[in-house]
Amino acid sequence: MSNIIQVQPDRTSPKMTKPHRDGTNGQYNDEYDENAFEKMGARHFVPRKINYDEWEATPNIANLPPSCDDEMFDDYIVTTVDLTMVRNAAANALSALVSKTFDSDVQVTEENCLKPLECTAQQYGWGKIGSNALVAQLKAAQHDGNYVIDENAPYAELWIGTHPNGMSHVVLEDNNDGNATQNDKQCVPLVDYVQQNPEMHLGVVGQSGPSQDYDLTFLFKVLSIEKVLSIQAHPDKQLAAQLFTDKPHAYKDPNHKPEMAVALTDDFEAMCGFRPMLDIASNMLDYPEFTDIIGKWKHDILEFVANKRGVNPKLILKNMFRVYMTADEKHVKKNIEIMTSRLSKKEKLSDLDKLIIKLSNQFPGDPGIFAPIIFNYMKLKTGDAFYIGANEPHAYIQGDILECMACSDNVVRAGLTPKLKDVDTLVKMLTYKCTIPTITRGLRKDHCCTLYVPPIEDFAMEIIEVKPGNSYDLHDVRSPSVLLTLHGSGVLKQDWVQKMPVTFGKAAFMSANTTATIVADKDGPGLKIARALSNVHLSSRPNTPFGTI
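Residues numbered from 1 in each chain as written. Predicted model: local features only at pLDDT ≥ 70, side-chain atom pairs only at ≥ 80, totals over all residues. Heavy atoms only, no water.

K.L.:
If you had to explain the overall build of the protein chain to someone new, which residues and values would you point to?
P.N.:
A tally of regular secondary structure across the protein chain gives 15 helices and 25 strands. Expressed as a percentage of the 549 residues in the protein chain, the buried residues total 61%. At a minimum sequence separation of 6, the contacts of the protein chain that also span at least 24 residues come to 79%. Just so you have it, the protein chain exposes about 21,900 Å², and 48% of that area is on carbon and sulfur atoms. (Helix = DSSP H or I, 4+ residues; strand = E, 2+ residues; numbered from the N terminus. Buried < 20%, exposed > 50% of the residue type's maximum accessible area, 1.4 Å probe, protein only. Contact = heavy atoms within 4.5 Å. Areas by Shrake-Rupley, 256 points an atom, 1.4 Å probe, with all protein chains shown as cover.)

K.L.:
So what about the environment of A240? Which residues, and what values?
P.N.:
By secondary structure assignment, the location of A240 is in helix α7 (residues 237-246). The sequence separation of A240 and S408 amounts to 168 residues, and the corresponding C-alpha distance is 9.4 Å. Apart from the residues lying within four places of it in its own chain, the contact partners of A240 are P235, D253, P254, N255, H256 and N410.

K.L.:
An account of the pattern of salt bridges is requested, with residue identities and associated values reported.
P.N.:
For the coordinates displayed, the defined rule picks out 14 salt bridges. For K421, the salt bridge is made with D366, and the minimal N-O distance between the two is 3.5 Å. On the criterion of sequence distance, the pair formed by K421 in the loop between β16 (412-415) and α15 (423-429) and D366 in the loop between α13 (351-362) and α14 (371-374) is long-range, its members being 55 residues apart. Its relative accessible area of 36% is what places K421 among the partly exposed residues. Taking the shortest distance from any N to any O, the salt bridge between K445 and E462 comes out at 3.5 Å. You can see K445 sitting in the loop between β17 (443-444) and β18 (449-452) and its partner E462 sitting in strand β19 (residues 460-466), a full 17 residues away along the chain. One exposure class covers both K445 and E462, and it is buried. Bridged by salt links that share partners, the residues K445, E462 and R531 form one connected network. (Salt bridge = Lys/Arg side-chain N within 4 Å of Asp/Glu carboxyl O.)

By themselves these figures say nothing about function.
And the structure:
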């Protein structure tokens, strides 16, 4: 049995309740079960009432997040870091935005008007090669022909934001005639620009002087995926702070990293979350080589499926996953060879068979080749999206996507990668929820804008499509935002102050509480622009529709 998630677009998603109104609670703030808060009584606990049922990206099977039932396991992560003692500029900005009780647009001036951005391209080994990569095309377009694409190098990610591992730069013109040459332009790190006046640019009330205590709450990316990414998960806030404190060489910041992916192509594939137990048991029968790896734990899985009672399934999954990820290397490689040899002789391969062979070709002998047997295998079309919460296992396989996340670069890896693996941490941190991720197509706000809203305040995304000769008003929001032109040509206008021509690849920073108008060229193909922003503004406008993606 090889379940592949077939997308059933949800165009009538129910409206979600207001985004989280109070700060997060670190590792003990599992975003899926509010009973967790009562059970933990943690120091940083902030009471709040949230309807979790309206977001089903990771519904519970045992109704307990891992942070609460860790006492069931012999191995768990003890987090001792006091979040109030950890500098987290992104979290500070989010708290300031959430606590704001009013919204109003401000007058656009030369100081807070739209600014063009030049962004960082990351050349990780799994990226598409040369001009075949959307990332390379976007990067070159930002430099107006002054950037040479290396046709033999991979281009994996384009980062739009303030994270130091991939800083964007604001392009400032030294002259005022709008016709600056490349030599006339001065580039300033985006973080320096916004921290000069956090009130003006970030929406932090009362902080008009320079301050390094505030930052963007989100990081926006484009990914061009040729080879599978690592089996990975991203830590929650408490665990992120602990990893940053204990292993700063490997974990570069103290922030959590929930994220959301929106497909830009029809061939996007990913693995995410553990399959339902019945699927795992069925796949074990189809792939006896994996069953040989996990040993005695196969009996617990089969018994649970048969009886559906007794032992907590999360305990079974955790022990099975630990045995699988720490199995003897020679034993794993032998079973991979047996499995791939057997599959090569099959007359008709299933989609799961094909994926396993693909992973084997990309990472010969790697234990991650068995991952599709236990993880959900997803196929998405353009416009489809899904959310990945903290401590959830996943791996992108192929395709082009937009990705928005909390401002962090924390990744815990365990397979299908030449990079640093931290198997012990990954095994201990996962939620072990048997779930099928919800895949939807966003909420159509109006004739031009589709809104993607995760169940977290750090970020949200809009896709805006304007027909040739038409215009669209970008409303003011409480937070700053960044814009990326994905297709077409036109102008971004802000009264008499700013008139920024935009074409494919052009990116811009938009200060908090400002407005702009998108005008598509009359004789062009129209305009398609992606906008990333904080989620907090969505609860402040009673007449603005919002909902889950």
